[in-house]
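Architecture and fold: a report
Single-letter residue listing:
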Amino acid sequence: MKSNKFNKFLKFFNIQRVFLIVGLLYGLFCSIFLPVAMAPDEYTHIEKIEFTWGTSSYAAETEQYYDSQWATGIIHKGDHVNFKDYWTRGMHHYSKPLHLSDFNFSLYVVQYIPSGLGFYLGVALHLPILFCLQLAELFSLIFYLILGYFTLKIAPFRKELFLFCMLLPMTVQQVGSVNYDAVLMPTCFLLTAYILNLCVRGENEVTWKDAIVVALLSIVIMLVKLPYVMLATAVFMIPHKNICLKIGKINLMDYIWKFRWICYALILLALAAGIYLMRNDVYMKTLIACAMQPGRTLVLFKNTIGQLKDYYLQTFVGSVGWLNGPLSNCYAVIMFCVLFYLSLFMHAEERPKFSKLTIWNKVWMVAISLIVIGMVFLSMVTWAFQLDGISLNDSLDQFRQDLYKIDMLLGVQGRYFIPVVPMLLQALFGGYNIQSNKKYVATQVVFYIFAMFSFGKLIFSRYWS
C-alpha cells in the first residue's frame, strides 16, 4: 500500500515538474541575491545585448551607476555589498526612452533573445535599472526552464543525468544572470536529448519534422558558440531504417543510404570548401594552424590542463560570481559521488531503449564530447594571442609560429564543459538496474537540498554578510 502511494507521488511529481519547481526557486534565488555585474563578464553581455539588438547608451548608463570602481572593490578586494547603496544605484532610470525604431537586429540576436526581451520590456515600462536587469535575468531563467522541461520530457532514458547537469550550481548561476549561457546550455541539452530520442525510435518514425527541429537547434547553437555545434553530428548514430524523409511517395533516405559513400564524400568536400572559403577567418586560421602544428598543440594542451586542472574542477563544481567564491572540497567530493552513482544505475523499464545504443554509438558519443572540449580550448588560442600582444591579423604561416610564443591556452572555464557532460555520461556506465526506487530518489533529494543550501550560504557570506 505504501509502495503504491509512493509511486503515485512520483507520478504526480515527475522529474519535469520537479525541475520546474526546484529550477525556478533556485534560479530566482541566484538571480536576486547574486548582485548586478557579479556574474562572469556581465557588463560585456549587457553591451552585446545592445549590439545584437541595435540600440545604444543603455549599457553605458548601467556601468555609470554600477561603476567599475564599485564592482572592482567587490570582485577583486572581497568587499561586501551595502544593501542601501546597491538599492540607491539601481533605482535610477535610463534617460533614453525606448522606441521600436531604435532596434536594428543582427543575426546574432539569437544569443540574447530571452534576456533582451526582458531587459527592453523593463526599459519600455520605464522601470528602474535594477528591475530592468532583473527582468532580463527572469526571462533568461524562464527560457531555460521551458527548454529544460522538454529536454526531460524527450530524453528516452537516464533523465536524472540531464537533471543533475541542469541543476549544477554553475548552471543555475549562469542561466539566472545576463549572458548567452541561458540560451546555449538548454539548447545543447535539448539537442542531445532529442537525438538520443531519435536513435531509439521505431522504423520510419524519424520524419522531416524531426530533421527541421535538429537543424534549428543546431543553427541556434552555431550562432551562440560554434564549437558546440559538433553535438549535432550525433545524428549519424540514428539507424537509417528509422528515417523516413518522404518527397511524394519516395523516401529520400533510401537513396541517401544506397549512395551513402558518395554522400559522405560530398559532405567532406563541402567541409573542405567551407574551410577554404573561411581560411582568413581568425578562428579558422587558428584551427588550421593548430592542425598543422600537432606537436605544439598537444604541448599547449598538456601545459594548460597540467597547470589549471584545479581551476577547471573548481569552476565546474561551483564558484560564485566572478569565480572567486569556490564551493568546499567536501561539496565537490559528495557531488562527484552522487554523479557516479547516477551514472551507474538506470530504471529497469529504460533498459530496452538504452540497449539500442551500440558500442559504436557510445564510442562516437565519447568522441564527440572530447572533440567539442578540444575545440573549446582551441577557440581560446586567439585570446592567448591577444594577452601576449600578438596580432590577430597575422598570416596563417605567422599563426603557426605564434603558437610557440604562448605557453598555455587561457580563458577556458570549467563551466564550458557542462553542455557536453550529458552526452558523455549517457555513453558511460549504466550497467545496473535500480533496486530501490526510494533510495534512488532520496539520494537525489538530499543532494539537491545540500547543493542549494551550500551555494546559497556561499552567496550570502561572499556578498551580503
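Here, every reference points to the structure presented above.
Rules behind the numbers
- Residues numbered from 1 in each chain as written.
- Predicted model: local features only at pLDDT ≥ 70, side-chain atom pairs only at ≥ 80, totals over all residues.
- Heavy atoms only, no water.
- Helix = DSSP H or I, 4+ residues; strand = E, 2+ residues; numbered from the N terminus.
- Buried < 20%, exposed > 50% of the residue type's maximum accessible area, 1.4 Å probe, protein only.
- Arc of directions from axis to C-beta.
- Contact = heavy atoms within 4.5 Å.
- Patch = residues over 30% accessible without salt bridge, like charges linked within 9 Å, V, L, I, M, F, W, Y side chains within 5 Å.
- Areas by Shrake-Rupley, 256 points an atom, 1.4 Å probe, with all protein chains shown as cover.
- Salt bridge = Lys/Arg side-chain N within 4 Å of Asp/Glu carboxyl O.
- Axes fitted to C-alpha atoms, helices over the stretch in contact; angles between N-to-C directions.
- Parallel < 35°, antiparallel > 145°, perpendicular 65-115°, else oblique.
- Nonpolar A, V, L, I, M, F, W, Y, C, P; charged D, E, K, R; others polar.
- Phe/Tyr/Trp six-rings, centres within 6.5 Å; stacked < 30°, edge-to-face > 60°.
- Lys NZ or Arg CZ within 6 Å of the ring centre and 35° of its normal.

Its location among the elements puts Asp-85 in helix α6 (residues 83-90). Judged by its relative accessible area of 28%, Asp-85 is partly exposed. Taking C-alpha positions, Asp-85 is 45 Å from Leu-425, a pair spaced 340 residues apart along the chain.

Buried within α6 are the following residues: Tyr-86, Arg-89 and Gly-90. The buried residues of α6 occupy an angular sector of 95° when the element is viewed end-on, so they sit on one face.

Examined against the element boundaries, Gln-173 turns out to sit in helix α10 (residues 169-175). When its relative accessible area of 1% is taken as the criterion, Gln-173 is described as buried.

With respect to the helices, strands and loops of the structure, Gly-306 is situated in helix α16 (residues 294-317). The exposure class assigned to Gly-306 is partly exposed, which follows from its relative accessible area of 37%. As a C-alpha pair, Gly-306 and Met-408 span 102 residues in sequence and 9.8 Å in three-dimensional space.

We now examine the side chain of Thr-192. With respect to the helices and strands, the residue Thr-192 is situated in helix α11 (residues 181-199). A residue is classified by how much of its surface remains accessible, and Thr-192, at 1% relative accessible area, is buried. Setting aside residues no more than four positions away along its own chain, Thr-192 makes contact with Phe-162, Leu-231 and Met-423.

The next thing to look at is a nonpolar patch on the surface. Together, Trp-208, Ile-212, Leu-216, Ile-219, Met-222, Leu-226 and Ile-247 line one region of the surface with nonpolar side chains, adding up to about 650 Å² of accessible area. At 5 residues, the largest contribution of residues to the nonpolar patch is made by helix α12 (residues 208-224). Inspection of the secondary structure puts Leu-216 in helix α12. By relative accessible area, which is 52% here, Leu-216 ends up exposed.

Moving on, we come to the packing of helix α9 (residues 159-166) against α11. To describe two helices that pack against each other, one gives the angle between their axes and the distance between the axes. Orientation of α9 relative to α11, taken along the N-to-C sense of each, is 175°, at an axis distance of 11 Å. Classed by the angle they form, the pair α9 and α11 counts as roughly antiparallel. Contacts between α9 and α11 involve Phe-162, Cys-165 and Met-166 on the former and, on the latter, Phe-189, Thr-192, Ala-193 and Leu-196. A per-class count over the contact of α9 with α11 returns 6 nonpolar, 1 polar and no charged.

Time to look at the packing of aromatic side chains. Scanning all chains against the criterion turns up 33 aromatic pairs. Between Trp-87 and Phe-131, the ring centres sit 6.0 Å apart and the planes meet at 70°, which makes this aromatic pair edge-to-face. Placement of Trp-87 in helix α6 and of Phe-131 in helix α8 (residues 129-154) is noted, with a sequence separation of 44 residues between them. For the ring pair Phe-301 and Phe-377, a centre distance of 5.6 Å and an interplane angle of 70° mean the geometry is edge-to-face. With Phe-301 in helix α16 and Phe-377 in helix α20 (residues 359-378), the pair connects residues that are 76 residues apart, well separated along the chain. This pair shows no difference in class: Phe-301 is buried, exactly as Phe-377 is. An aromatic cluster is defined as three or more aromatic residues linked by ring pairs; in this entry it consists of Trp-53, Tyr-58, Tyr-94, Phe-103, Phe-105, Phe-119 and Tyr-120. Stacked on the ring of Phe-399, the Lys or Arg Lys-285 has its end atom at 4.7 Å from the ring centre.

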